[in-house]
Amino acid sequence: MNLSKDFTLEEFVRSDTAKRLGIDNTPTELAVAYLILLCHFLLQPVRNHIGKPVRVTSGYRCPKLNAAVSGVSTSQHTEGKAADITVPGMPACDLFDRIITMKEIEFDQIILYKTFVHISFNLGKNRKQILYSKEVSGK
Ligand SMILES: [Zn+2]
């Protein structure tokens with residue numbers, strides 16, 4: 001199922017950890033609706049802006065999977081509102097810089113990690129928080 005031109009539901013749901021632990025990571029209908037918004041308002045515009053494939057390394061996580069990967073329990077990944085992304089061949093800090101200077105998008109939170117960028121979208125109330133993970137800031 002396509003969520004937008006270049007993103008499919010499968011890439012947001014697949015998880016090696018879920019497979020290994022036998023966790024059913026099927027998203028709720030509400031989570032799928034949020035994933036569509038995330039793609040439509042954020043990820044597809046980012047992909048169009050960068051002009052290169054954007055890879056989703058972690059998308060939706062059911063609460064069980066989120067706990068298995070030690071995600072914070074309030075993680076927006078459990079609601080279908082967040083994705084961890086990379087662009088092959090582009091350092092995460094460059095991807096981060098490209099996204100935060102885009103004027104045409106609104107995000108809730110963007111967090112720079114060493115090897116990927118976490119980005120989230122919330123309907124109606126986006127905080128536009130630009131954050132650096134501990135592994136990057138050293139704090
Ligand atoms: Zn994340």
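Residues numbered from 1 in each chain as written. Predicted model: local features only at pLDDT ≥ 70, side-chain atom pairs only at ≥ 80, totals over all residues.

Novice: Please clarify how the nonpolar core should be interpreted in this entry.
Specialist: Side chains of a nonpolar character, in soluble globular proteins, are inclined to be buried together. Among the nonpolar cores identified, the biggest contains 30 residues, and Leu 35, Leu 38, Leu 43, Ala 83, Val 117 and Ile 119 are the most heavily contacted of them. Going through the elements one at a time, helix H1 (9–13), helix H3 (29–50), strand E4 (82–86), helix H5 (92–100), strand E5 (109–112) and strand E6 (117–120) are the ones with two or more residues in this core. Once you skip the residues sitting within four places of it in the chain, Leu 35 turns out to touch Leu 3, Leu 9, Phe 12, Pro 27, Gly 59, Tyr 60 and Gly 80. (Core = buried A, V, L, I, M, F, W, Y, C linked by C-beta atoms within 7 Å. Buried ≥ 20, exposed ≤ 12 C-beta atoms within 10 Å, placed from the backbone. Helix = DSSP H or I, 4+ residues; strand = E, 2+ residues; numbered from the N terminus. Contact = placed C-beta atoms within 7 Å.)

Novice: Quick question: what am I supposed to make of H3 here?
Specialist: Look at H3: 30 Å from first C-alpha to last across 22 residues, which is about the 32 Å you get at 1.5 Å a residue. Residue Cys 39 marks the point of greatest curvature in H3, where the axis turns by about 45 degrees. Ala 31, Tyr 34, Leu 35, Leu 38, Cys 39, Leu 42, Leu 43 and Val 46 are the residues of H3 that are buried. Along its buried surface, H3 packs onto strand E1 (2–4), strand E2 (7–8), H1, E4, H5 and E6. Within two residues after H3, Gly 51 carries a phi angle of roughly 75 degrees, on the positive side. (Expected span 1.5 Å × (residues − 1). Bend = angle between axes of the 7 residues up to and from the residue.)

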